[in-house]
Amino acid sequence: MAATGNAEETQLQEMEEEAGMEREMDSDEEEGMGIDNSDDEEDDSSEDDKENEAEIQRLEEQLSINAFDYNCHVDLIKLLRQEGELPPLRKARQKMSELFPLTEEIWLDWLKDEIRLTEEEQNREKVYKLFEMAVKDYICPEIWLEYAQYSIGGMGLPGGMEKVRSIFERALTAVGLHMTKGATLWEAYREFENVILATVQPPPGSVPTCEQQELLNAQLERIHTLFRRQLAIPLMDMEGTYAEYEEWSDQGVSDTVSQKYKRALQQMEKSKPYEETLMAAEPPKLAEYQTYIDYEQKEGDPARIQIIFERALAENCLVPDMWAKYTKYLDRQLKIRDLVLSSHDRAVRNCPWTMGLWKNYLLALERHGADHHTISDVFEKALNAGFIQATDYVNIWEAYLDYLRRRVDFSKESSRELEELRAAFTRSLDYMKQDVEERFSESGDPSCTIMQVWAKIEALHCKNIQKARELWDSIMTKGNAKFANMWLEYYNLERSYGDALHCRKALHRAVQCTSDYPEHVCEVLLTFERVEGSLEDWDAAVQKTETRLNRVNEQRAKVAEKEAHLVRQEEEKTEQRRRAKADKKNQKKGQKGSRPGEKRKAEDEDNENEWGEELEQPPKRHRGEGNQGSFRGGGAEEFMETESGLFGRRAPPCRGQEPPGAKRGQQMAPATVRKTQEDNPEQRKDDCSVFISNLAFSMEDPEKRLKELFEPCGPVQSVRPVYAAKGFRGYCYVQFEGKTSVPEALKMDRREVDGRPMFVSPCVDKNKNPDFKVFKYNTNLEKHKIFISGLPFSCTKEQLEELCKDQGTIKDIRLVTNRSGKPKGLAYVEFEDEAQASQAVLKLDGTVLQEHTLAVAISNPPRRNAADKPDFSRPMGAMMPRAMVYGSRGKGRTQLSLIPRSLHRQTGSESKAENGTAPKPTGGASGDAGFEAQAKPMSNSDFAKMLLRK
């Protein structure tokens, strides 16, 4: 193959002189910029200089207070670069690079400034070190290309050629797979080798020597190899590279290269849509990168997965989740020490406030055998990173203490590692008290988990139960003595590593101090004495538990009485407001009716806006429940019309929308005709019908739409939508030809229609069946089911099942939604038995899920009356809080049944109440007797007997 000409021979010399030419041009520009043409320009320049100096001083003072102010660093570097002060500029850049990874733009400005100012060859090493710092922060093709071009300028130095090739090879390893920018580096590398080829080719017409021919063949093989390697990689516009290779090669393209090229081209076509989506998206393109990453992970090529992660992080460097996902992939898949550790280091430098990244970094250092000094240094940096939650400091201390514990050889009675572990535990407790509590006004570790772990280590590994007891005494003095679970943890420790005497002592103290679940610790004490105690121990335990529980019940009764008094006061205020509102309304009606010349409205129209005595309000819903199959409206003034008449308050006619001159009778004629047709009782069959609610008011042609929806359930006889003056009311009745279609229709409950869940429920006449339970879920205490609140709205059934599966066998999970189908952060989890549900409450209450603290309790919805407002025609027991109806409250907030069976006292049967029916008051108390007297009207003979007794 012949040379390309004299121009090609001079390219190498031009590349070597490029850096010097740039420096001369920049020098001329700087001199030109320094020329002043007038005094006015000098004055303006001096004023600007003073302002810049003041701003620089302000920024430096601000950084002395808060060195982690990223924007302040950027502004300071920008001003110093404008001023042209090189020493302060270098210092500011160096300080920022120690704290944060620098962006591509900041690095390129820094590198170009240093290259322009570096003229002496001995200073090239400083620039090389700067490039090495730059390529570690982010994977940027532009920085690697600048690095390779700068190295060409030192090609004449000893080993310069090998250094250039080494940098190019590293650049191809780092960014050669970049689909849109990687081809630039491949082309630059081949261009460099082509220039070298021109220097080793003999002049035209001359015969090369053996040595020259060997050099020529070696150089040609290098270029061939570069072409082959590039064509085997999927890159954008790789067709042009293939055409260039065909033209350059005298021997043509081999079949092996063509096959690899075709495979790479097919892979490029698969990835091309993702690249086009990235190019069209707006920064930071997080969702697009996430989709691209998922695709590459399915493909399974580690090198391509790595490069797409690096590209995503270059534009989303402040997204902790992306760093966590990347480092997790490296930890579990690649497991290359240098790559893994450098990525973890970059992660914590970009997001130092994220505790999880520091914790994973410590684990990775230990996993890859880093020395103790390095791990300790990283831990100290984590403590100074400035976490945003007190619990983050607890977690990072736990990770470090776990590492120190794994270093200890507990077979030795004493060792330097053991002393270091104990010293770290002591320091962690001081740190929590002095640093964390002062900053966050909370300890972050209210349950003293660090001290609990220390106590277990002392008892298990060091056989030092006395030290463990001292630690638990300290734990209890920090406000934990009132919690039953803390005492049970201590009891389990004594049970495993202590003796029966200290177990009994711990349980007696627990009975005396516990205030949340005293029944539970009482039962544990009795069980312990039943297994190991003497008769005297048993008697003492029974006496102590009875005394304690009696006192607890008295306190709870007082609290219940106080709560009931507050409820009565609130009901009285509500009744007063209702009466005042009614009086005001009647007064307005009287004034309106007395106006001269005004026609009195029809009596039936007046009645439309009033409550009928035969009507009742919708039943109240279960605590936190969505309207699943219920007739209740979405707001306080939203009620609906049923087939048997009005159900709640009908919406007043929209008189303001009447056209001028239109008669009301004519305007309402179609609705009247429709209602007359619907009210034909002979055509209705409730047992063959279902009630549909929560439909969109804007639904067009509801009859046709619903008939199409329910035809798969069976032959539809009729669809009866309910209309008002404004139009469709959002609910209707669907009547089938047979009863067998109703169960199939009920299965369509909560199906989404026009973006809203459609509620399907049985069609029942409430006047004939007043006790019918509209709400399809149980409203009584369910000991095998737990109620969870505080869930994140994004929580799914799968996540909830993963959280609860360790507590027992899960039979059902139900996420609560509102009428529009959106989650409310509430859920019910049904277990196989009561014991599993109780275990779940104790273990899951207070758990943190996606930064949300969960509240878990046994499902026990508050008893509700059929009406929201008090009705004095009903028994007074219906208006009483459940604490008064049930008697003294023997259950805690979670409703766990923790009273020992041997101490259980029957206080009277609890009446079962369906939703919408009032519970019957229990007897036995004078107050209850008074309620019964009010609830049951007396006849004349009963009244006479009462007077005779008196």
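Located above this text is the structure these notes cover.
On a predicted model such as this, the values are computed, not experimentally measured, just so you know.

1. What to know about the nonpolar core
- W358, F387, Y393, I396, W397, L401 and W472 are the most contacted members of the largest nonpolar core, which totals 107 residues.
- Top element by residues in this core is helix α20 (residues 390–407). It accounts for 9 residues.
- Ignoring any residue separated from it by four or fewer positions in sequence, one finds F387 in contact with P352, W353, T354, M355, W358, A382, D392, Y393, I396, R439 and F440.
- Among the nonpolar cores identified, the runner-up in size contains 55 residues, and L111, I143, L185 and I196 belong to it.

2. Notes on the packing of helix α24 (residues 484–497) against helix α26 (residues 518–532)
- Here α24 crosses α26 at 20°, and the two axes come no closer than 10 Å. Considering their axes alone, α24 and α26 lie roughly parallel with respect to each other. Every residue of α26 that contacts α24 at A484, L488, Y491 and R495 is listed here: H520, V521, V524, F528 and E532.
- Split by residue class, the contact of α24 with α26 holds 6 nonpolar, 1 polar and 2 charged.

3. Some words on the environment of K805
- Here K805 is to be found in the loop between α33 (797–804) and β9 (810–817).
- A residue is classified by how much of its surface remains accessible, and K805, at 43% relative accessible area, is partly exposed.
- On a C-alpha basis, the gap between K805 and F831 in space is 9.5 Å, while along the polypeptide they are 26 residues apart.

4. Re the pattern of salt bridges
- This model, assessed by the stated rule, comprises 39 salt bridges.
- With a closest N to O distance of 2.9 Å, D113 and R93 form a salt bridge. Here R93 lies in helix α5 (residues 86–99) and D113 lies in helix α6 (residues 104–117), a separation of 20 residues in the sequence. Like R93, D113 is buried.
- The residue D338 makes a salt bridge to R337 at a minimum N-O spacing of 3.9 Å.
- The exposed category is assigned to D338, whose relative accessible area is 58%.
- Under the relative-accessibility criterion, R337 is labelled partly exposed at 38%.
- The structure contains a network of salt bridges with shared partners spanning R81, R93, D113 and R116.

5. Some points on the environment of T853
- Examined against the element boundaries, T853 turns out to sit in strand β12 (residues 852–853).
- Once residues within four sequence positions are removed from consideration, T853 is found in contact with S789, G790, G846, T847 and V848.

6. Focus on the packing of aromatic side chains
- Under the defined criterion, the tally for this structure stands at 34 aromatic pairs.
- With a centroid separation of 5.3 Å and 15° between ring planes, the pair formed by Y274 and Y292 is classed as stacked. Highlighted residues: Y274 in helix α13 (residues 255–280) and Y292 in helix α14 (residues 286–299), separated in sequence by 18 residues.
- The rings of F379, F387, Y393, W397, Y400, Y403, Y431 and F440 are connected pair by pair, giving a single aromatic cluster.
- The lysine or arginine in question, R124, covers the ring of Y150, its NZ or CZ lying 4.0 Å from the ring centre.
- One Lys or Arg, K163, reaches over the ring of Y128 and ends 4.4 Å from the middle of that ring.

7. Quick look at a nonpolar patch on the surface
- A cluster of nonpolar side chains, namely L318, W353 and I388, defines an oily patch on the protein surface of about 320 Å² accessible area.
- Position of L318 relative to the elements: it lies in the loop between α15 (302–315) and α16 (320–334).
- Residue L318 is classed as exposed on the basis of its relative accessible area of 55%.

8. With respect to α6
- The terminal C-alpha atoms of α6, which comprises 14 residues, lie 20 Å apart, in line with the 20 Å expected from a rise of 1.5 Å per residue.
- Within α6, burial applies to I106, W107, L108, W110, L111, D113, E114 and I115.

9. Digging into the sheet that holds strand β5 (residues 727–736)
- Strand order in the open sheet formed by 5 strands is β4-β5-β3-β7-β6, with antiparallel pairing between adjacent strands. Looking at which strands have only one partner, the edges of the open sheet turn out to be β4 (716–724) and β6 (751–753). Between one strand axis and the next, the sheet turns through 30° on average, direction left out of account.
- Two strands pair when backbone bridges link them, and β6 and strand β7 (residues 756–762) are joined in this way by 3 bridges, in the antiparallel orientation. Across the sheet, residue V753 finds its bridge partner in β7, namely R756.
- Across the sheet, helix α31 (residues 702–710) touches β3 (689–693), β4, β5, β6 and β7, and the angle it forms with β4 is around 140°.

10. What about the sheet that holds strand β8 (residues 782–789)?
- Ordered in space as β9-β10-β8-β13, the 4 strands form an open sheet in which the pairing is antiparallel. Each edge of the open sheet carries a strand with a single partner, namely β9 and β13 (855–859). Direction aside, neighbouring strands of the sheet carry axes that sit 25° apart on average.
- By the bridge criterion, 6 bridges tie β9 to strand β10 (residues 823–831) in an arrangement that is antiparallel. Within β10, the residue paired with R814 across the bridge is Y828.
- Contacts from helix α34 (residues 834–844) reach β8, β10 and β13, with the element oriented near 25° to β8.

11. Quick word on a negative patch on the surface
- On the surface, a cluster of negative charge is contributed by E700, D701, E703, E708 and E711.
- Inspection of the secondary structure assignment puts E708 in helix α31.
- Among the residues examined, E708 registers a relative accessible area of 47% and is labelled partly exposed.

12. Remarks on the pairing of β13
- Of all the 5 residues making up β13, 4 are buried; the element is thus mostly covered by neighbouring parts of the structure.
- Where β8 meets β13, 5 bridges bridge the pair, whose relative direction is antiparallel. Residue pairing for β13: F787 is matched across the bridge by A857.

13. Describing unusual backbone geometry
- The omega angle of the peptide bond from P283 to P284 is 5°, so this bond is cis rather than trans.
- By the element assignment, P284 lies in the loop between α13 and α14.
- Its identity is not glycine, yet N694 carries a phi of approximately 65°, on the positive side.
- Looking at the secondary structure, you find N694 in the loop between β3 and α31.

Cut-offs and rules
Residues numbered from 1 in each chain as written. Predicted model: local features only at pLDDT ≥ 70, side-chain atom pairs only at ≥ 80, totals over all residues. Heavy atoms only, no water. Core = buried A, V, L, I, M, F, W, Y, C linked by side-chain atoms within 4.5 Å. Buried < 20%, exposed > 50% of the residue type's maximum accessible area, 1.4 Å probe, protein only. Helix = DSSP H or I, 4+ residues; strand = E, 2+ residues; numbered from the N terminus. Contact = heavy atoms within 4.5 Å. Axes fitted to C-alpha atoms, helices over the stretch in contact; angles between N-to-C directions. Parallel < 35°, antiparallel > 145°, perpendicular 65-115°, else oblique. Nonpolar A, V, L, I, M, F, W, Y, C, P; charged D, E, K, R; others polar. Salt bridge = Lys/Arg side-chain N within 4 Å of Asp/Glu carboxyl O. Phe/Tyr/Trp six-rings, centres within 6.5 Å; stacked < 30°, edge-to-face > 60°. Lys NZ or Arg CZ within 6 Å of the ring centre and 35° of its normal. Patch = residues over 30% accessible without salt bridge, like charges linked within 9 Å, V, L, I, M, F, W, Y side chains within 5 Å. Areas by Shrake-Rupley, 256 points an atom, 1.4 Å probe, with all protein chains shown as cover. Expected span 1.5 Å × (residues − 1). Pairing = 2+ DSSP bridges. Lys, Arg positive; Asp, Glu negative; His and termini not counted. Charge placed at Lys NZ, Arg CZ, Asp CG, Glu CD.

All we've got here are geometric facts, nothing functional implied.
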